[in-house]
Amino acid sequence: YFLRGVLVVIEAGHLRLVATNGSRLALAEATVESLNDFKRQEVILPRKMAMQLQTMLRDTDEPVELRLAAKQVKVRWNSIEIVSKLVEGRFPDFMRVIAQGPVDVMTVNRGDLQRSLQRAQILASEKYNCVRLTMSPHTLALTSNNAECEEVTDEIGVVYGGEDVNTGFNISFLIMHLTGLRGMPRRV
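It should be emphasised that the depicted structure is a prediction, and the values quoted were computed from it without experimental measurement. (Residues numbered from 1 in each chain as written. Predicted model: local features only at pLDDT ≥ 70, side-chain atom pairs only at ≥ 80, totals over all residues. Heavy atoms only, no water.)

A. Region of interest: the layout of surface pockets. Approximately 170 Å³ is the volume attributed to the second largest pocket. Looking at the second largest pocket, it is lined by 14 residues, and the ones nearest its centre are Glu42, Val43, Ile44, Val87 and Gly89. No other element matches strand S4 (residues 41-45), which puts four residues into the lining of the second largest pocket. When its residues are assigned to classes, the lining of the second largest pocket shows eight nonpolar, two polar and four charged. (1 Å grid on protein atoms, 1.4 Å probe; cavity = no way out; pocket = protein on both sides within 12 Å on 5 of 7 lines; lining within 4 Å. Points joined across faces, edges and corners; volume = space filled by probe spheres on them. Helix = DSSP H or I, 4+ residues; strand = E, 2+ residues; numbered from the N terminus. Nonpolar A, V, L, I, M, F, W, Y, C, P; charged D, E, K, R; others polar.)

Pasting the structure below:
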């Protein structure tokens, strides 16, 4: 049940929000000077409250006041105040699934990647819906296949100077991120 909520981690000068559906993980971080004197604290907001806050705060930069009690949270914004129970449970150690240390960065044209993924999805196995990405200097190759031994490979020009990397992803997750969830723009 607690995996359906949003983990809020507050520690000296930092705020982290973490959510997962078991297949994907989202992490948002911010430096917040008003939190400089805080000891580390973790709470899990209920999914409904997180969705309500997302809707209310989507187009504003107004400050939000967050008050935490033992088993509840109060959020105040302008003249609106929301109080909710916190979700009880222990959120998994999300830092274990996030790459640590130096990371190579690849820059790719969003439209080119989206079109290539859509082409690869046509032949992808319905059961796994997977695409293999092979990153090498200046090229990203996308490969998908199906049970009928049909295979498609597409190459895109990229800016990448790291080591060759070969990995796989669920095509639907990548396309969803590129096109945006619920109409929200995504940056790639």
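B. Highlighting the sheet that holds strand S5 (residues 65-68). Spatial strand order, S5-S6-S7: three strands in an open sheet with antiparallel pairing. The open sheet has two free edges, formed respectively by S5 and strand S7 (80-85), since each of these has just one partner strand. When the angles between neighbouring strand axes are averaged without regard to direction, this sheet yields 15°. For S5 and strand S6 (residues 72-77), the ladder comprises four bridges, and the chain directions are antiparallel. From the neighbouring strand, Glu65 faces S6, where its bridge partner is Arg76. Along the sheet face, helix H1 (residues 47-57) touches S6 and S7 and points at about 165° away from the line of S7. (Pairing = 2+ DSSP bridges. Axes fitted to C-alpha atoms, helices over the stretch in contact; angles between N-to-C directions. Contact = heavy atoms within 4.5 Å.)

C. Examining the packing of helix H2 (residues 110-123) against helix H3 (residues 171-179) more closely. With their axes 10 Å apart at the nearest point, H2 and H3 run at an angle of 150° to one another. Considered as vectors, H2 and H3 are oriented roughly antiparallel to each other. At the point where H2 passes H3, the crossing takes the left-handed sense. The segment H2 lies against H3, with Arg110, Leu113, Gln114, Leu117, Gln118, Ala120 and Gln121 engaging Ile171, Ser172, Leu174, Ile175, His177, Leu178 and Thr179. In terms of residue class, the contact of H2 with H3 is built from seven nonpolar, six polar and one charged. (Parallel < 35°, antiparallel > 145°, perpendicular 65-115°, else oblique. Left-handed = near helix turned anticlockwise from the far one by under 90°.)

D. Just H1, in detail. Those residues of H1 not exposed but buried are Met49, Ala50, Leu53 and Met56. Projected down its long axis, H1 shows its buried positions confined to an angular sector of 130°, all on one face. Facing away from the buried side of H1 by over 90 degrees, the exposed positions are Lys48 and Thr55. Buried-residue contacts for H1 involve strand S1 (6-11), S4, S6 and S7. (Buried < 20%, exposed > 50% of the residue type's maximum accessible area, 1.4 Å probe, protein only. Arc of directions from axis to C-beta.)

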